[in-house]
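Structural description and commentary
Here are the chains, one letter per residue:
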Amino acid sequence: MDLIEQIKKNAQANKQRIVLPEGDEPRTLKAADQLIADGIADIILVGPAQKIKDMAVEFELKNIDKACIIDPKDNPNKMKYAELLYDIRKSKGMTMEQAEELAENFMYLGVLLVKAGDADGLVSGARSTTGDMLRPALQIIKTSPGVSCVSGAFIMFLPNDKYGTDGRMVFADCAVTPVPTTEQLAEIAICTADTAKNIAKIDPAVAILSFSTKGSAKHEDVDKVIEATRIAKERRPDILLDGELQADAAIVPSVGSSKAPNSDVAGKANTLVFPRLEVGNIAYKLVQRLAGAEAVGPVLQGFAKPCNDLSRGCSIDDIYKLVAITCNQAIAQKQ
Ligand code: ACO
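So, a few notes on the structure that sits alongside this text. (Residues numbered from 1 in each chain as written. Predicted model: local features only at pLDDT ≥ 70, side-chain atom pairs only at ≥ 80, totals over all residues. Heavy atoms only, no water.)

Structural notes on the overall build of the chain
Helix and strand counts for the chain come out as 13 helices and 11 strands. At 21 Å, the chain has a C-alpha radius of gyration in line with the 20 Å of a compact globule built from 335 residues. For the chain, the proportion of its 335 residues judged to be buried stands at 54%. Considering only contacts within the chain whose residues lie at least 6 apart along the sequence, 73% involve residues at least 24 apart. Here the chain has roughly 14600 Å² of accessible surface; of this, 50% comes from carbon and sulfur atoms. Side chains of the chain give 40 positive and 45 negative charges; the mean places of these two sets differ by 2 Å. (Helix = DSSP H or I, 4+ residues; strand = E, 2+ residues; numbered from the N terminus. Rg over C-alpha atoms; globule rule 2.2 N^0.38 Å. Buried < 20%, exposed > 50% of the residue type's maximum accessible area, 1.4 Å probe, protein only. Contact = heavy atoms within 4.5 Å. Areas by Shrake-Rupley, 256 points an atom, 1.4 Å probe, with all protein chains shown as cover. Lys, Arg positive; Asp, Glu negative; His and termini not counted. Charge placed at Lys NZ, Arg CZ, Asp CG, Glu CD.)

Side note on a nonpolar patch on the surface
A surface patch of nonpolar side chains, about 330 Å² in accessible area, is lined by Ile282, Leu286 and Leu290. Structurally, the position occupied by Leu290 is in helix H12 (residues 277-290). Residue classification places Leu290 among the exposed positions, given a relative accessible area of 72%. (Patch = residues over 30% accessible without salt bridge, like charges linked within 9 Å, V, L, I, M, F, W, Y side chains within 5 Å. Salt bridge = Lys/Arg side-chain N within 4 Å of Asp/Glu carboxyl O.)

What about helix H8 (residues 182-198)?
For H8, built from 17 residues, the straight-helix expectation of 24 Å at 1.5 Å per residue is met to within 8% by its first-to-last C-alpha distance of 25 Å. Buried residues dominate H8, accounting for 12 of its 17 residues. Turning to H8, its buried residues number three or more, namely Gln184, Leu185, Ala186, Glu187, Ile188, Ala189, Ile190, Cys191, Thr192, Ala193, Thr195 and Ala196. (Expected span 1.5 Å × (residues − 1).)

Some remarks on the packing of aromatic side chains
With the rule as written, the count across this model stands at 2 aromatic pairs. Relative to Phe274, the ring of Phe171 has its centre 5.4 Å away and its plane inclined at 70°; by these criteria the two rings are edge-to-face. Of this pair, Phe171 sits in strand E6 (residues 168-172) while Phe274 sits in the loop between strand E9 (271-273) and H12; the two residues are 103 residues apart in sequence, bridging distant segments of the chain. Phe171 sits in the buried class, given a relative accessible area of 3%. We classify Phe274 as buried; its relative accessible area is 6%. The cationic tip of Lys30 hangs over the ring face of Phe59; the distance from NZ or CZ to the ring centre is 4.4 Å. Note that Arg127 overlies the ring of Phe106, its terminal NZ or CZ placed 5.8 Å from the centroid. (Phe/Tyr/Trp six-rings, centres within 6.5 Å; stacked < 30°, edge-to-face > 60°. Lys NZ or Arg CZ within 6 Å of the ring centre and 35° of its normal.)

Describing the pairing of strand E7 (residues 205-209)
Burial analysis of E7 places 5 of its 5 residues in the buried class, which makes it a mostly covered element. Here E7 shows two buried faces, one formed by Ala205, Ala207 and Leu209 and the other by Val206 and Ile208. Where E7 lies against strand E8 (residues 240-245), 4 bridges are found, and the strand directions are parallel. Within E8, the position partnered with Val206 by the bridge is Leu241. Handedness of the β-α-β unit built from E7, helix H9 (residues 220-235) and E8 comes out right-handed. Sheet topology note: the E7/E9 ladder contains 3 bridges and is parallel. Note that in E9 the partner of Ala207 across the bridge is Leu272. (Pairing = 2+ DSSP bridges. Right-handed = clockwise from strand over helix to strand, strands pointing away.)

Comments concerning the pattern of salt bridges
Overall, the coordinates contain 22 salt bridges when judged by the stated rule. Two residues, Asp24 and Lys51, come together in a salt bridge whose shortest N-O distance is 3.1 Å. Note that Asp24 is positioned in the loop between strand E1 (16-20) and helix H2 (26-37) and Lys51 in helix H3 (residues 49-58), a separation of 27 residues in sequence. A residue is classified by how much of its surface remains accessible, and Lys51, at 41% relative accessible area, is partly exposed. Across the salt bridge formed by Lys90 and Asp87, the nearest N and O atoms sit 2.9 Å from each other. Since its relative accessible area comes to 41%, Lys90 is described here as partly exposed. What you see here is one network of salt bridges that share partners, running through Arg17, Asp120 and Lys334.

It is worth stressing that arrangement in space is one thing and function is another; only the former is reported here.
The structure is reproduced here in C-alpha cells:
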C-alpha cells in the first residue's frame, strides 16, 4: 500500500476533528466535501455560514451538511474563545477588547478551537500567507514540551528509488525558522526524525548537512552543525543521526564511505536536515522541479497540537492529503 493510502486508512480508523478556518475558500470547501465523503475526518468549517451553504449548492457538494460550520461573526461561543485568548495573551499586553475582536477573526478562531480541545488539528493557508497562518498558531498553540522551535518538513517522493528509502526522503526545515540557533537545529533534527518515523513511515537515518564533512572545512557555521549534532545525539541516542555531512556524503554510498568511513549514516541518509531555512527551502524546490520529485508538505512539526499550512497555489488534492496527514499527527501525539 502506498504511503498516502496508509495515511488515509489510519485517519479513517481513528477519526479526528480537523478545523479548516478558510471554510469559504472554494478548493478548501471541495476538499472538505471529499474528506467527509471518504470518512477521513470530522470537518469543522470556519466562515460565513450562509455563504458556505450557498457555495455547497453552487458546487453541487453533497456532504457539507455533515460538517460543523462556525460563523465567526455569529458565534454563540465567542466569549469562551475570547476569554481563552485573553488569558493566553494578556501577559503580552492583549486587552479583553482586542481578544473579543480577534475571536471573530477566522484564523484566530480556528487556532483557538484547537487550543480549547474542540478540534484535534488545523489546516489552513489556501488563501493566507504562511506568516498570517503561523503567527496565531505560534502565539496560541505554542510548542510541545521540550521543543522551542516549530519547523516544516517535506516528504519527498523521488522518481529514482536509488535514494532514501525506496525513493522516499524527508527534508527540513524548509518552511519556518529562518536562522535556527544551535539548540534549535538539534531540535529540528529530532522533530524531523519523528516525522520521518510517524508520518513518512521510514526508519530515519538523519544527516545534518553542511558544506563540510567531518572536519573538511573550518567555519563557525560548520561548528554550529557539529555542536547541533552532538546535542541531538545526546538528547535522543535512539535516533540514527550524524553530522556534519555534505549532501553527497550523506546520500551517495561511495562518497559517504570515502569521506566519512566511520559514520553509520553517511551514504544512506533518508532524512536531511538543513542548517538554515534558505538552504532547505531552495533545496526542496530544486529537487521538486529539477528531479521531478513530489513534495508533500510542509508538515509542521514542534507544535503542541498539529497545525499545517498550505501553499496558496495548492490543489484540492493537496488540501485533502494535508488534512489526512494532520489527522495522523494528531493520532501520533495522542499515543
Ligand atoms: N518556533 C516557535 N515559536 C516561534 C517561532 C518558531 N520558529 N518563531 C516565532 N515564534 C513565536 C515567538 O516567540 C512569538 O511568541 P510570543 O508572542 O508568545 O512571544 C510568536 O511566535 C510571534 O513571534 P514574532 O517574532 O512576532 O513572529 P515573527 O514575525 O518572527 O514571525 C514567522 C514568525 C512567521 C514564523 C517568521 O519567522 C516567518 O515568516 N518565517 C518564514 C516563513 C516563510 O515565509 N516560509 C517560506 C514559505 S513556506 C514554503 O515555501 C513551503
